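The lines below spell out each chain.
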Amino acid sequence: MLAGFPVDVCSMLDFPGIPEPEETGATFLENATIKAKAASAYTGLPALADDSGICIDALGGAPGIFSARWAGQGSTADDWIQKTLELLDGTQDDLRTCRYVCALSLTDAAGNVIGVSEGTMEGRIGYSPSGQGGFGYDPIFLVAPKYDITAAELSPEEKHAISHRGLALRNMLAMVSESNLLG
């Protein structure tokens, strides 16, 4: 998604042994900032970190920041989906609304936060998984406003064009370009 942007991109996989920070924040943005600051502290480089998940209205916004641990430590996307469907059993369509949320935090090489961005993607939880693409909750995330296709049935290009992460990243890149935050 950063193709064409004038920066060299590396991932944390390029830094063997980097410790994974504990996500102790109460919000997606707090957790993204924890991750970005930890990456800058370890690498001495600017860092862009994300925290994202799904918020389901009928479940009071859960799983929220616990989306990747929704069915317990070590659980898989299939486990998260199964738990979600079980909890929503008997819930009618108009009450199955949800949204994906993505928060991005950008730090400079010293670990100072120099930019933040958030994006959402509205949807509804389906009744059974459909589609082979994407990851996480995508097979049960029916994309608004038509609710006739899951995020797992979109091509990567279609998903990036409308996704929470795509929106957050486009907003961040615009902010970085306009203000020349990275020099």
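Residues numbered from 1 in each chain as written. Predicted model: local features only at pLDDT ≥ 70, side-chain atom pairs only at ≥ 80, totals over all residues. Heavy atoms only, no water.

Trainee: Residues and numbers for the nonpolar core, please.
Mentor: If you look at the biggest cluster of nonpolar residues, it comprises 17 residues, and the most contacted ones within it are Ile54, Ile125, Tyr137 and Phe141. Those elements giving two or more residues to this core turn out to be strand S1 (47-56), helix H2 (77-87), strand S2 (97-107), strand S3 (113-125) and strand S4 (141-143). Here the element with the most residues in this core is H2; it accounts for 3 residues. Sequence-distant contacts of isoleucine 125, that is, excluding residues within four places in its chain, are made with Ile54, Ile56, Thr84, Leu85, Leu88, Arg96, Cys98, Ile140 and Leu142. In terms of nonpolar packing, the next biggest core, distinct from the first, is built from 9 residues, Phe5, Leu104, Leu169 and Met172 among them. (Core = buried A, V, L, I, M, F, W, Y, C linked by side-chain atoms within 4.5 Å. Buried < 20%, exposed > 50% of the residue type's maximum accessible area, 1.4 Å probe, protein only. Helix = DSSP H or I, 4+ residues; strand = E, 2+ residues; numbered from the N terminus. Contact = heavy atoms within 4.5 Å.)

Trainee: If you had to explain the packing of aromatic side chains to someone new, which residues and values would you point to?
Mentor: Summed over the entire model, instances satisfying the criterion amount to 2 aromatic pairs. Where tryptophan 80 meets tyrosine 137, the ring centres are 5.5 Å apart and the plane angle is 25°; that geometry is what we call stacked. Here tryptophan 80 is found in helix H2, whereas its partner tyrosine 137 is found in the loop between S3 and S4, with 57 residues between them in sequence. Pair check on accessibility: tryptophan 80 and tyrosine 137 agree, each one buried. Their ring planes at 10° and their centres at 4.1 Å tell us that tyrosine 100 and phenylalanine 141 sit as a pair that is stacked. You can see tyrosine 100 sitting in strand S2 and its partner phenylalanine 141 sitting in strand S4, a full 41 residues away along the chain. Of the two residues examined, tyrosine 100 and phenylalanine 141, each falls in the buried class. (Phe/Tyr/Trp six-rings, centres within 6.5 Å; stacked < 30°, edge-to-face > 60°.)

Trainee: How would you explain the sheet that holds S2 if you had to name every residue and give the values?
Mentor: Taken in spatial order, the 4 strands line up as S1-S2-S3-S4 in an open sheet, and their pairing is antiparallel. Each edge of the open sheet is held by one strand with a lone partner, namely S1 and S4. Adjacent strand axes in the sheet meet at a mean angle of 40°, parallel and antiparallel pairs treated alike. Two strands pair when backbone bridges link them, and S3 and S4 are joined in this way by 3 bridges, in the antiparallel orientation. The partner of glycine 123 across the bridge, within S4, is valine 143. Most of the contacts of helix H4 (residues 164-179) go to S3, to which it runs at about 155°, and overall it touches S1, S2 and S3. (Pairing = 2+ DSSP bridges. Axes fitted to C-alpha atoms, helices over the stretch in contact; angles between N-to-C directions.)

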